[in-house]
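Fold and geometry: a report
Chain by chain, the residues:
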2 protein chains.
Amino acid sequence: MSQLPQQPAGISVPTSADVARLAGVSRATVSYVLNNNATVRISEPTRRRVREAAAGLGYVPHAAARSLRAGHTRTVLLPAAQAPAVPLYQRFLTRLESDLRRLDYTVVQYGSIGLEPDEAARAWAELRPVAVVSPGATALTPYGIGVLTRSGAKAVITLGPQPVDGAHAFVMDQREVGGCAVRHLLSRGRRRIGVVVPREPDLALFAEPRLAGAVRAAEDSAAPALIQPLPLRYDEESAEDLAARWRTLGLDAVFTYDDEYAMLLMRALQDTGVEVPAETAVIGADDLMLGRLLRPRLSSVTIELATAQPPAEIIDRLVRSPGGAPERHYLLRAAAVARDSS
Amino acid sequence: MSQLPQQPAGISVPTSADVARLAGVSRATVSYVLNNNATVRISEPTRRRVREAAAGLGYVPHAAARSLRAGHTRTVLLPAAQAPAVPLYQRFLTRLESDLRRLDYTVVQYGSIGLEPDEAARAWAELRPVAVVSPGATALTPYGIGVLTRSGAKAVITLGPQPVDGAHAFVMDQREVGGCAVRHLLSRGRRRIGVVVPREPDLALFAEPRLAGAVRAAEDSAAPALIQPLPLRYDEESAEDLAARWRTLGLDAVFTYDDEYAMLLMRALQDTGVEVPAETAVIGADDLMLGRLLRPRLSSVTIELATAQPPAEIIDRLVRSPGGAPERHYLLRAAAVARDSS
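Conventions adopted
- Residues numbered from 1 in each chain as written.
- Chains lettered and ligands numbered in written order.
- Predicted model: local features only at pLDDT ≥ 70, side-chain atom pairs only at ≥ 80, totals over all residues.
- Heavy atoms only, no water.
- Buried < 20%, exposed > 50% of the residue type's maximum accessible area, 1.4 Å probe, protein only.
- Helix = DSSP H or I, 4+ residues; strand = E, 2+ residues; numbered from the N terminus.
- Pairing = 2+ DSSP bridges.
- Expected span 1.5 Å × (residues − 1).
- Arc of directions from axis to C-beta.
- Axes fitted to C-alpha atoms, helices over the stretch in contact; angles between N-to-C directions.
- Parallel < 35°, antiparallel > 145°, perpendicular 65-115°, else oblique.
- Left-handed = near helix turned anticlockwise from the far one by under 90°.
- Contact = heavy atoms within 4.5 Å.
- Nonpolar A, V, L, I, M, F, W, Y, C, P; charged D, E, K, R; others polar.
- Phe/Tyr/Trp six-rings, centres within 6.5 Å; stacked < 30°, edge-to-face > 60°.
- Lys NZ or Arg CZ within 6 Å of the ring centre and 35° of its normal.
- Salt bridge = Lys/Arg side-chain N within 4 Å of Asp/Glu carboxyl O.

Now for the pairing of strand 4 (residues 155-160) of chain A. Residues and elements named next belong to chain A. Within strand 4, six of the six residues are buried, which leaves the element mostly enclosed by the surrounding structure. Bridge count for strand 3 (residues 131-135) against strand 4 is five bridges, and the pairing is parallel. Looking across to strand 4, one finds that V132 is bridged to V156. Pairing geometry for strand 4 and strand 5 (residues 168-171), over four bridges, is parallel. Looking across to strand 5, one finds that T158 is bridged to A169.

With that settled, the discussion passes to helix 3 (residues 44-57) of chain A. Residue and element names in this part refer to chain A. Between its first and last C-alpha atoms helix 3 spans 20 Å; for 14 residues at 1.5 Å apiece the expected length is 20 Å, and the two agree. Of the positions making up helix 3, those classed as buried are T46, R47, V50, A53 and A54. Take helix 3 and look down its axis: the buried residues cluster within an arc of 130°, on one side only. In helix 3, the exposed positions that point more than 90 degrees away from the buried face belong to E52 and G56. Positive phi appears at G58, one or two residues downstream of helix 3, with a value of about 70°.

A word on unusual backbone geometry. Omega for the peptide link from A:R295 to A:P296 comes to -5°, which places this bond in the cis form. Structurally, the position occupied by A:P296 is in the loop between helix 13 (289-293) and strand 10 (300-305). Of note, B:D286 is a non-glycine position whose phi angle comes to about 100°, a positive value. By the element assignment, B:D286 lies in the loop between strand 9 (281-283) and helix 13 (289-293). Positive phi values are uncommon outside glycine, yet B:D287 reaches one of about 50°. As for its placement among the helices and strands, B:D287 is situated in the loop between strand 9 and helix 13.

Sheets are built from strands paired through backbone hydrogen bonds, the pairs being either parallel or antiparallel. Residue and element names in this part refer to chain B. Spatial strand order, 7-6-8-9: four strands in an open sheet with parallel pairing. Edge strands, defined here as strands with exactly one partner in the open sheet, are strand 7 (226-232) and strand 9. Within this sheet the neighbouring strands show an average axis-to-axis angle of 25°, counted without direction. Sheet analysis places strand 6 (residues 192-198) next to strand 8 (residues 253-255), joined by three bridges and oriented parallel. If you follow V195 over to strand 8, its bridge partner there is F255.

Residue and element names in this part refer to chain A. Direction vectors running N to C along helix 1 (residues 16-23) and helix 3 enclose 125°, while the axes themselves pass 9 Å from each other. On the basis of the axis angle, helix 1 is oblique to helix 3. Like other packed secondary-structure pairs, helix 1 and helix 3 cross with a definite hand, here right-handed. Between helix 1 and helix 3, the contacting residues are D18, V19, L22 and A23 on the first element and R49, V50, A53, A54 and L57 on the second. Grouping the constituent residues of the contact of helix 1 with helix 3 by class yields seven nonpolar, no polar and two charged.

Residues and elements named next belong to chain A. Tallied over the entire structure, the rule returns four aromatic pairs over all chains. Judged by centre distance (5.8 Å) and plane angle (85°), the rings of Y257 and Y261 are edge-to-face. Taken individually, Y257 and Y261 each receive the classification buried, so the pair is uniform in this respect. Following the ring pairs from residue to residue traces out a cluster consisting of Y234, Y257 and Y261. Directly above the ring of Y105 sits R74, whose terminal nitrogen or CZ lies 4.0 Å from the centroid. It is R210 that lies over the ring of Y257; its NZ or CZ is 4.9 Å from the centre.

Next up on the list: the environment of A:I193. Residues and elements named next belong to chain A. Along the chain, the position of I193 falls in strand 6 (residues 192-198). According to the relative accessible area criterion, I193 is buried, its value standing at 0%. Remark: the alpha-carbon pair of I193 and D252, spanning 59 residues in sequence, is separated by 6.3 Å. In this structure I193 touches V182, L185, L186, L226, I227, Q228, L251, A253 and F255, once residues within four positions along its chain are discounted.

With that settled, consider the side chain of B:H184. Residues and elements named next belong to chain B. Secondary-structure assignment places H184 in helix 8 (residues 175-187). With a relative accessible area of 8%, H184 lands in the buried category. Those residues in contact with H184, other than ones at most four positions away along the chain, are I283, S299, A336, A338 and S342.

Turning next to the pattern of salt bridges. All names here are of chain A. Inspection of the entire model under this criterion finds 32 salt bridges over all chains. When the shortest N-O distance is used, the salt bridge between D286 and R210 registers 3.4 Å. Linking D286 in the loop between strand 9 (281-283) and helix 13 with R210 in helix 9 (residues 204-219), this pair joins segments that are 76 residues apart in sequence. The closest approach of N and O atoms between R267 and D271, which form a salt bridge, is 3.4 Å.

Here it is, written out as structure tokens:
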């Protein structure tokens, strides 16, 4: 087996001086070119020569040294996706990351698993980011926002179901998902509506507002309507238990939190002889492919995350013009998709 | 609306000198305590006083300054999960992240979307990580490994289906998944076996070795067996097209790449009147809950990612004792789970 390339003792790491010598330019020119400094005019052939010299020597600038010189970084911290990863959310972060990179930011995803919110904020601040997008409603306190701002962050933005005081917010208001589902069921004449509440603690951040939105929609209804929360674990035994006592609940419809819970519960209901939708209408959420493969085909709530201005441009604007009042950008658009199960 | 907490002009960022003054200790003591330096004995009450002073002032050390002083960081770069996120892989990274943090490393996830492999290596090197875990087989070249090593990385480790020359490797050998599936189908007396190959380019990294493992298992079989690759997009139309010409293919079994493709294809086959398993046996992979909810219940290949020594400890050992020959750690364990579809 070959040895790992090691740096032999006595041979030093290539420096910008080495690059300058090889390219026949000054160290300042090397710095301008490799840091994409647009304020200095340097010809394209010179830029190319510097880049080739750097590539040939394997020289890379030191982000830490650069950020110390500049007093700040071009680093934007994004939340690392945690399991369970919601595909929609994952796609949103992926898009945001590539858009920020096009705007010449360095994007670093930073996990906060096992850290208290204030510990997480201090860990983030150590990287001296110019902007932080913080996940969830619970992961940032006013203290944490202060730590980040004092460390030089120009924009602190939460990404979650609710805004946090003192920070900008991308708000994914999950109440709208529950609201859509229940309004759809009401429009089909259903009045006694179960709402599945997953027992998995990771999902509470989504499940609680989805339930709250369902309750609100029932309250706003002209016809009297009942909402019955239904705690459920994501396993067959829990679903069979619920199906076994289904008829004692006297429900004529159920919003199942999402399509995967819909598949779980619909299978248990059908195995018990409960007819869908005749006896009980079922609607899920997230509009996954699997819902279209079920029989009856599953009704769902389709969700989009979108802002009028692309989120990366909003972040860039907040970094360039800090100090304004906290902004709220509502990302989540929901709409019921009626199929055969409701 | 409240204003964002801004740093008023003329009021400076808290420094370690401020912390030292408030705690009544030297700056060196502040540095020892906040950098968890274990070589210096400092009493627990003093440590607490320093931490409280730092918390009260909102002081955080500057990672960049610390890494310049130390000449290296305690940063480990992990690959950011990309869509589509495989839950198993996501759980592996989550576990690795929290284990590394317990070993006092700073874990940063770094996306490489839209970057060429060598660009990615240079971007990673700018953060001067002490170790890099690089995703996929394609994301690291010998040049990139050299750039990272010269920038001070003690351990460069790939995480993917195949090792890369000159780096350590956590190998997730997906061939074993296809091998398990086909050996199971052969054991049921099936001899003409279709293998679904997803058309989604993101999945090629998994799909190609799964197919290769299936082919190898058929070659190794005592009874003559045929493998027929079946390209399939993850949509209903593509599945219906395949189901419509199913009987002309003359296959008696199919390995569907994973459980989600199994659900898609099984639905289309059943809608066309093909009986599962009588006419065609079906086996998926990943052993998702949804497979148990299908009728017939779906056979699958269950996959675990495990090493004899926890991966975080392997990384820590490689960081402490760099320079050895490249190590190969095979993570993937696969086993067929027989249910009613095969």
